[in-house]
Amino acid sequence: MATITMKDGTEIFYKDWGSGQPIVFHHGWPLSADDWDSQMLFFLHQGYRVIAHDRRGHGRSTQTAHGNEMDTYADDVVQLAKALDLRDAIHIGHSTGGGEVARYVARAEPGRVSKAVLIGAVPPIMVKSEKNPGGLPLEVFDGFRAAVAANRAQFYVDVPAGPFYGFNRPGAKVSQGVIDNWWRQGMMGGIKAQYDCIKAFSETDFTEDLKEIDVPTLVMHGDDDQIVPFADSAPLSVKLLKHGTLKVYEGLPHGLCTTHPDVVNPDLLAFIKG
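Counting starts from 1 at the beginning of each chain's written sequence and moves along it residue by residue. Residue-level local features of this predicted model are given only where pLDDT is at least 70; pairs of side-chain atoms are given and counted only at 80 or more, and the full residue set underlies all totals for whole chains, interfaces and linings. As a rule here, side-chain values come from all non-hydrogen atoms in the structure, and water together with hydrogens is ignored.

Trainee: Explanation requested: the side chain of K115 in the structure shown.
Mentor: Put simply, DSSP H or I for four residues or longer makes a helix, DSSP E for two residues or longer makes a strand, and each gets a number counted from the N terminus. Mapped onto the secondary structure, K115 falls in strand β6 (residues 113–119). The cut-offs for exposure are 20% and 50% of the maximum accessible area for each residue type, with area from a 1.4 Å probe on protein chains only; residues under the lower value are buried, those over the upper are exposed, and the others partly exposed. Positive charges are assigned to Lys and Arg, negative charges to Asp and Glu, while His and the chain termini are left out of the count. A pair is scored as a salt bridge if a Lys or Arg side-chain nitrogen falls within 4 Å of a carboxyl oxygen belonging to Asp or Glu. Buried charged residue K115 carries no salt bridge. Nearest counter-charge: D88, at 8.7 Å. Each polar contact in these results corresponds to two N or O atoms within 3.5 Å; when the atoms are within protein, one needs to be able to donate a hydrogen and the other to accept it, and residues that are neighboring in sequence are counted only if both atoms are side-chain atoms. Looking at K115, its side chain comes within polar contact range of the main-chain oxygen of I272, at 3.1 Å. Looking at K115, its side chain comes within polar contact range of the main-chain oxygen of G274, at 2.6 Å. In this description, contact between two residues means that some pair of their heavy atoms is separated by no more than 4.5 Å. Once you skip the residues sitting within four places of it in the chain, K115 turns out to touch A89, I90, H91, V215, P216, F271, I272, K273 and G274.

Shown next, in the form of structure tokens:
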């Protein structure tokens, strides 16, 4: 099992397959690198080097009680990129991973990153405030924390069986395997890190990060996203980016990379090649 040890001793698990231009995938909460199976296999077959890591506290990485916030997440990626000598890489982040991409790319060494993609991503900021009146109330995220603390195993069934993949919508084609795989990934991680990460993905303000990014960035979002509502995320992010492009998917859910890889993957490939 491949791991890299961070400065604080945390071991970060990663997958690194193939050769060619590197594509680095950043997963959402509370999942793991396995959430990118459809994309990893697709781009490996397209001749790219594909890399995905388990964020600290998640998946097969160390179940940390500390450092479960965006600055440390981004610093972990800095160390990973150096250790694997990643240059001219494309960084693709979903949900919380989109926040991680924004913070990392804004700070990355010259030559490390060529393009970025934010999919159903949490930037600019999720929580409601005077500066962000369209955000979700803090009570929503307090509810997440309470559910994780009270019965994480049940909550990690309810989320994928309902809003994450849009399986709660009339006529939805429900996949029990997808629900079970979400649960499996979530339960692999540490409860403390996942509890802390709720604050990281909901309260971190990525406004300045987005302004700093100077590489072409594709912002992809389903307009039926029930986890990261479209109106307060993607269109606001693309306005802050220097070289941003917005791609909206009518009727698609938060977990569109899993439910609709046949739609998402070709669009990613076109952006990467373009």
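Trainee: Would you mind going over the nonpolar core with me for this structure?
Mentor: Most often, soluble globular proteins have nonpolar side chains that are buried together. Nonpolar core, defined: a set of buried Ala, Val, Leu, Ile, Met, Phe, Trp, Tyr and Cys residues in which side-chain atoms within 4.5 Å join the residues together. W29, Y104, V105 and F201 are the most contacted members of the largest nonpolar core, which totals 54 residues. Every element with two or more residues in this core is listed here: β2 (11–17), α2 (70–83), α3 (96–107), β6, α4 (138–161), α5 (176–188), α6 (191–203) and α8 (234–240). By residue number, the principal contributor to this core is α2, which donates six residues. Residues contacting V105, with those up to four places away along its chain left out, are H91, V113, A116, I213 and V215. Counting 24 residues, the second-largest nonpolar core is a separate cluster that includes Y48, V50, I90 and L256.

Trainee: Whenever I open this one, the pairing of strand β3 (residues 22–26) confuses me. Can you help?
Mentor: Consecutive side chains of a regular strand alternate in pointing toward one face of the sheet and then the other. With five of its five residues buried, β3 lies for the most part within the structure. The alternating pattern of β3 places P22, V24 and H26 and I23 and F25 on opposite faces, both of which are buried. Here, any two strands with at least 2 DSSP bridges between them count as paired. Strand direction decides the pairing type here: β3 and strand β4 (residues 49–53), joined by four bridges, are parallel. The residue bridging I23 from the neighbouring strand is V50, located in β4. A crossover connection joins β3 to the parallel β4 through helix α1 (residues 37–45); in handedness this β-α-β unit is right-handed. Here a crossover is taken to be right-handed if, once the strands point away from the viewer, the path from the first strand over the helix to the second is traced clockwise.

Trainee: Sorry, what's going on with the confidence of the model for the protein chain here?
Mentor: pLDDT runs from 0 to 100 and stands for how confident the predictor is about each residue. In this model, the protein chain carries a mean pLDDT of 98, and residues with pLDDT of at least 70 account for 100%. Here strand β1 (residues 3–5) stands out as the element of the protein chain with the lowest mean pLDDT, 97, in contrast to β3, whose mean of 99 is the highest.

Trainee: Would you mind going over the sheet that holds strand β8 (residues 244–249) with me for this structure?
Mentor: Working definition: the strands of a sheet are paired by backbone hydrogen bonds and lie parallel or antiparallel to each other. Pairing in this open sheet of eight strands is mixed, and the strands run β1-β2-β4-β3-β5-β6-β7-β8 from one edge to the other. The strands lining the two open edges of the sheet, one partner per strand, are β1 and β8. Averaged over all pairs of adjacent strands, the angle between strand axes in this sheet comes to 20 degrees, irrespective of strand direction. Here strand β7 (residues 217–222) pairs with β8 via six bridges, running parallel. From the neighbouring strand, H221 faces β8, where its bridge partner is V248. Along the sheet face, α1 touches β2, β3 and β4 and points at about 160 degrees away from the line of β4. Sitting on the sheet, α3 touches β3, β4, β5 (89–94) and β6, and the angle it makes with β5 is about 145 degrees. In this description, a line fitted to the C-alpha atoms serves as the axis of each element, helices being fitted only across the stretch in contact, and the angle between N-to-C directions of two axes falls anywhere from 0 to 180 degrees.

Trainee: I'm lost on the environment of S175 in this one. Help?
Mentor: As for its placement among the helices and strands, S175 is situated in the loop between α4 and α5. Taking relative accessible area as the criterion, S175 reaches 26% and is therefore assigned partly exposed. Measuring from C-alpha to C-alpha, the distance between S175 and A161 comes to 8.7 Å, with 14 residues separating the pair along the chain. Within the structure, S175 has its side chain in polar contact with the backbone nitrogen of V178 (distance 3.2 Å).

Trainee: How do you make sense of the packing of α2 against α3 when you look at a structure like this?
Mentor: The relative placement of two packed helices is expressed as an angle between their axes plus a distance between the axes. The interhelical angle for the contact between α2 and α3, taken along N-to-C directions, is 65 degrees, at an axis separation of 9 Å. Both α2 and α3 take part in a crossing whose hand is right-handed. Note on element contacts: α3 touches α2 through T96, G99, E100, R103, Y104 and R107, opposite M70, D71, Y73, A74, V77, V78 and A81. In terms of residue class, the contact of α2 with α3 is made up of seven nonpolar, two polar and four charged. Two helices that cross are described as forming a left-handed crossing if the nearer one is turned anticlockwise from the farther one by less than a right angle, and a right-handed crossing if clockwise. Residues are grouped as follows: Ala, Val, Leu, Ile, Met, Phe, Trp, Tyr, Cys and Pro are nonpolar; Asp, Glu, Lys and Arg are charged; all remaining types, including Gly, are polar.

Trainee: Would you take a moment to explain α4 for this structure?
Mentor: Residues lying three or four places apart along an α-helix face the same way, a consequence of the helix completing one turn every 3.6 residues. Here α4 spans only 23 Å end to end across 24 residues, well under the 34 Å set by a 1.5 Å rise per residue. Listed in full, the buried residues belonging to α4 are F141, R145, V148, R152, F155, Y156, V159 and P160. In a helix, the anticipated span is given by 1.5 Å times the number of residues less one.

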